[in-house]
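Summary of structural features
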Number of protein chains: 2
Amino acid sequence: MPVYNAPTKDTQFILHDVLKVSEAATPGYSELERDFTGAILEEAGKISSEVLHPLNVVGDTEGCRLENGIVYTPTGFKDAFEQVKEGGWTGLDMPEQYGGQNMPYVLGTAVGELFSSANQAFVMYQGLTHGAASAILAHGTDAQKDTYLPKMVSCEWTGTMNLTEPHCGTDLGLMRTKAEPQADGTYKVSGQKIFISAGDHDMSDNVIHLVLAKIPGGPEGIKGVSLFIVPKFIVNEDGSVGERNGVSVGNIEKKMGIHGNSTCVMNYDEATGYLLGTEHKGMRAMFTMMNEARLGVGMQGVAQAEAAYQNAVEYAKDRLQGRDVTGVKNPDGPADPLIVHPDIRRSLMDQKSFVEGGRAFLLWGATMIDKAHRDGDKDADGLVSLLTPVIKGFLTDEGYDMTVKAQQVYGGHGYIEEHGMSQYTRDARIAQIYEGANGVQALDLVGRKLAQDGGKHVMAFFELVKNFCKENAGISEDYAKDFIEPLKAASKDLQAAGMYFMQNGMKNPNNALSGSYDFMHMFGHVCLGLMWAQMAKAAHAALEAGTSDAAFYKTKLTTGRYYMARRLPATQLHLVRIQSGADTVMALDAASF
Amino acid sequence: MPVYNAPTKDTQFILHDVLKVSEAATPGYSELERDFTGAILEEAGKISSEVLHPLNVVGDTEGCRLENGIVYTPTGFKDAFEQVKEGGWTGLDMPEQYGGQNMPYVLGTAVGELFSSANQAFVMYQGLTHGAASAILAHGTDAQKDTYLPKMVSCEWTGTMNLTEPHCGTDLGLMRTKAEPQADGTYKVSGQKIFISAGDHDMSDNVIHLVLAKIPGGPEGIKGVSLFIVPKFIVNEDGSVGERNGVSVGNIEKKMGIHGNSTCVMNYDEATGYLLGTEHKGMRAMFTMMNEARLGVGMQGVAQAEAAYQNAVEYAKDRLQGRDVTGVKNPDGPADPLIVHPDIRRSLMDQKSFVEGGRAFLLWGATMIDKAHRDGDKDADGLVSLLTPVIKGFLTDEGYDMTVKAQQVYGGHGYIEEHGMSQYTRDARIAQIYEGANGVQALDLVGRKLAQDGGKHVMAFFELVKNFCKENAGISEDYAKDFIEPLKAASKDLQAAGMYFMQNGMKNPNNALSGSYDFMHMFGHVCLGLMWAQMAKAAHAALEAGTSDAAFYKTKLTTGRYYMARRLPATQLHLVRIQSGADTVMALDAASF
């Protein structure tokens, strides 16, 4: 049985020592005092470890089942969901007006990581609801908000997002689902949607589907797509749940992982739908919350890696196998623990330095989303929009790789399902795919975001790194050598790649797009390098100030040095690949593959 | 339903254009004419596609089941196994004396790849038997050989290898299974073994277990381990199957993949065992065939990657999504096929260049094993022993990554089980773990093989690369620039890493061991770089000679150029990591993880 303990101390370090959230000018941030966030994280950690985590393997083993049109979630999910609802966790960052607690998104993200580490499949029921509620909040009429939001914020009703159809995922312009306007202002929605996470289940009184569909006669392709609210049960005038709508579950998909979440084929057969936002502007409405949604998926990458890492550490300390070549460490035992072996260390340090750096990156991103939403800060919005594909793509790719590394520490015991390590990899795998597959994230980054607003945001990022390096090079000689120099070098690689795209992408866009994936990864490394430089700075300051917890801060410095020395130089390789251009990538005709 | 077509043309290219097997002096190689190997591969391809491949998903879905002590394999496995036996495939490279066909190991490897691509879980029943039979062939008495080999070569009886116990995998010195000597010269074997592939099943009349156990009173640790033949049914004097032995199946493990193979917990309760080889020399006997066995696992990495790649290509050609940014390619359709997109190409080229390079590496390794076994060539034996951990570790790590890339091409359709792409990743994952987890391979490479015979074999490898570069730099200017220069650079990186180990490993062995994994991977890249340089040379020669199949050879050149430009430079990054030494890897105490 795997273990999970919320890493609240690490989260607190990032929130307060590094990001100094309670000192920030963002509205609502002054409430985020160390004790306050500590109490929230403590409580969230308890629910994660005691309620959600024990159901993680149960969900994987049992899965969801469809019987006579009804979807049943795994044993224990329903009770656990009640506890999460009662604790008010579902509306943490939602407006008070609709029953939420109006906390900043950064706190929601910090809590979300714990829940997601404990049970990703479970927390998705709440996560999808959050996404759907956010879209209604942004685009709904007052009546729509009043009808749906209070129940969705409390998760009495849950929500879904219906985009994909069998023949179209990324390219939604190919969509066939139709919405026929009716005399009463409603629409009749008909078509089939697939891969609908939390599509239906037995844990809420209603399911509010947000469905993309085309109104006949509208513009071709993606410009003719509108967004509709299609409730499972029609909501009566008085707010009560009324008759069943024309929506049903066609099937539950058999998947590699996240078995505890009901991934449904949804059939719409003249279901009553209500237009959300403006006709033909459905894509815009669906993607208003895209940065948040994608950051939430990036978070899953970190969360699964954290959970897997914790177990790998436990196993490496417990399992006796072989002897330390530099001298026996456990003379009374028949062998030394795995953790004495350098290659096991390498793996654990890869995991540890990723998880802690990734968490900082996520929370930094979340503060920018708060600045943008709560303070209307256009620069923060631009920067986080630029970084969103990096957060999503890089953190989920790396997060997955880290779960594989954690599994590997277990040897054969990682391959059998008994220890739960296989589940971490199988669950983490989906985050690389949904909410825009990672190749699409790379395309978004290089094809759109880099040049957005005249390249203003990427220039701002480089400026930020440059200024950080300039301002902090004097902290100490070691700090400059271990952190500032590697960060400068990596940032220079990233700039060189951007320059290559500018100079060669004009001639042939494939020269840029062939390097998009490498660029996304090198950008991610530079961001984690920046995070580690900031964390090391904070650790350095705490040690200078004579902290009573020197071991904690020294560990941060060591872990950071590992990242800078062993992981960050990956930028060099990515640059070489990028600069090799499109020639070898595009040379073959399709028949030659 | 996934597709699989044996890549016989590619195999033939390597065997004849590159390795020129029929011209080699190794005994038995003169038979390996192009037409002969072509006919064998053709036939093996047919069985793979038509018999084994259709059962791959069946095996994954049904798995094996244990009922009343009997293990049942998935539907269709038994019939398919009969066909494989009848075709004589199980004894391809076994001595004629015992019913085999005495073909070189290189041909067995070429055929094995096809079988393994088609159905890894299935082919393991035969593979484990081959391993056990090889050990009996090498260490058995004439009576033992006569008793077991004819039936094992034909797979009327199958075999297993019993090493792991619940508390020990890599460190077999901790073993607890006991073998008590009996007055009649036999032993009573008692203990529990786990992770026993093909441990029991319903497809053969007997299962011949090779079991490692300790004879009480023998030396401590690994030096007191002996190897025993423990048949499921005692074999009567007349060779017929007699009474049931004291061995039973405790459980079938629930695993991440290879569900079609029965991975058993085996309980030995005073089972009658027969010493194989010498008392206390069990490890040596078990590992006689280690190079072959590990090459066979490296082959699984390539095989799964090939199968997954074929499907990714099909999907990328079929699935319409988005438009080519440089101009519409499918104007009559609603969108262009995925394969027009540069990032999809990047992924497919990664896969293609790995699979073809990996196959060449495997077959080259197999020719060295043949030289060693058939010709007593000590240098070949030394070189292939050096390269074995690279073949196993690098090819299975990369093979796994490639199955993940292939799955990613499918987007959400790769995550659901319906298309079979998840199975390729789940099946490929085991190859990184069994037959010595890849971290152990890296340790074997850096801790043992590098320095073996005074470092003679690694020097020979560098010499081989150097000579190849010298002799072929004059082929053409392009060839020198695209192939020779990158190969030289990568080989220089590898030498620099070896030099770093020599200079710093003396002071502290952890300086070498912290870089062992990176070294294994950089070695793998250099080997694939060498393979691509050789394949490109052969392609160049064919084009110069005015081949009628110019497209095939040009594709080889393009694919090779991709590898040299985009994959091989990974050696630079590995070198940087290695040269950062052990400091950051080993700095933390165990409690700080």
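In short, a report on the structure. (Residues numbered from 1 in each chain as written. Chains lettered and ligands numbered in written order. Predicted model: local features only at pLDDT ≥ 70, side-chain atom pairs only at ≥ 80, totals over all residues. Heavy atoms only, no water.)

The two chain copies are connected by a rotation around an axis plus a translation along it. By a simple turn and slide, chain A fits onto chain B: the slide is 0.0 Å along the axis, the RMSD is 0.0 Å, and the turn is 180°. On this basis, the relationship between the two copies can be described by a two-fold rotation axis. Within chain A, L573(A) has its C-alpha nearest the rotation axis, a separation of 3.1 Å. A high fraction, 100%, of the interface residues of chain A reappear at the interface in chain B, so the copies pair face to face through one surface. (Least-squares fit on C-alpha atoms with pLDDT ≥ 70 in both. Contact = heavy atoms within 4.5 Å.)

Bring the parts together and some accessible area is lost; that lost area is often taken as the interface size. Each side of the interface is counted separately: chain A has 93 residues, and chain B has 93 residues. For the pairing of chain A and chain B, the buried interface totals around 7,500 Å² over both sides, and the portion due to carbon and sulfur atoms is 61%. The largest per-residue losses of area from chain A upon contact with chain B belong to Y415(A), R566(A) and F593(A), which jointly make up 13% of the total buried on that side. Applying the counting criterion to the chain A and chain B interface returns two salt bridges. The salt bridge involving D518(A) is made with R566(B); its shortest N-O contact spans 3.7 Å. One can count 43 residue pairs in polar contact (both at pLDDT 80 or more) joining chain A with chain B. (Buried area = accessible area lost by both parts, 1.4 Å probe. Salt bridge = Lys/Arg side-chain N within 4 Å of Asp/Glu carboxyl O. Polar contact = N/O pair within 3.5 Å; in protein donor to acceptor, adjacent residues only side chain to side chain.)

A separate point is the pattern of salt bridges. Taken as a whole and assessed by the stated rule, the structure comprises 58 salt bridges over all chains. Between E398(A) and R567(A) there is a salt bridge, with its nearest N and O atoms 3.1 Å apart. Of the two residues, E398(A) is situated in helix 11 (residues 378–409) and R567(A) in helix 19 (residues 550–567); the sequence distance between them amounts to 169 residues. R567(A) matches E398(A) in its accessibility class, with the two residues each being buried. Between E356(B) and K352(B) there is a salt bridge, and its shortest N-O distance comes to 2.8 Å. Here the residue E356(B) and the residue K352(B) both occupy positions in helix 10 (residues 342–375), the gap between them amounting to four residues, near one helical turn. Each of D10(A), K352(A), E356(A) and K556(A) takes part in salt bridges that share partners, so that together they form one network. (Helix = DSSP H or I, 4+ residues; strand = E, 2+ residues; numbered from the N terminus. Buried < 20%, exposed > 50% of the residue type's maximum accessible area, 1.4 Å probe, protein only.)

A positive phi angle, near 65°, is found at C155(A), a position not held by glycine. You can see C155(A) is positioned in the loop between helix 7 (142–153) and strand 3 (157–162). With phi around 60°, E435(B) is a residue other than glycine that occupies positive phi space. Secondary-structure assignment places E435(B) in the loop between helix 13 (421–429) and helix 14 (438–449). Look at E435(B) and you get partly exposed, because its relative accessible area is 30%.

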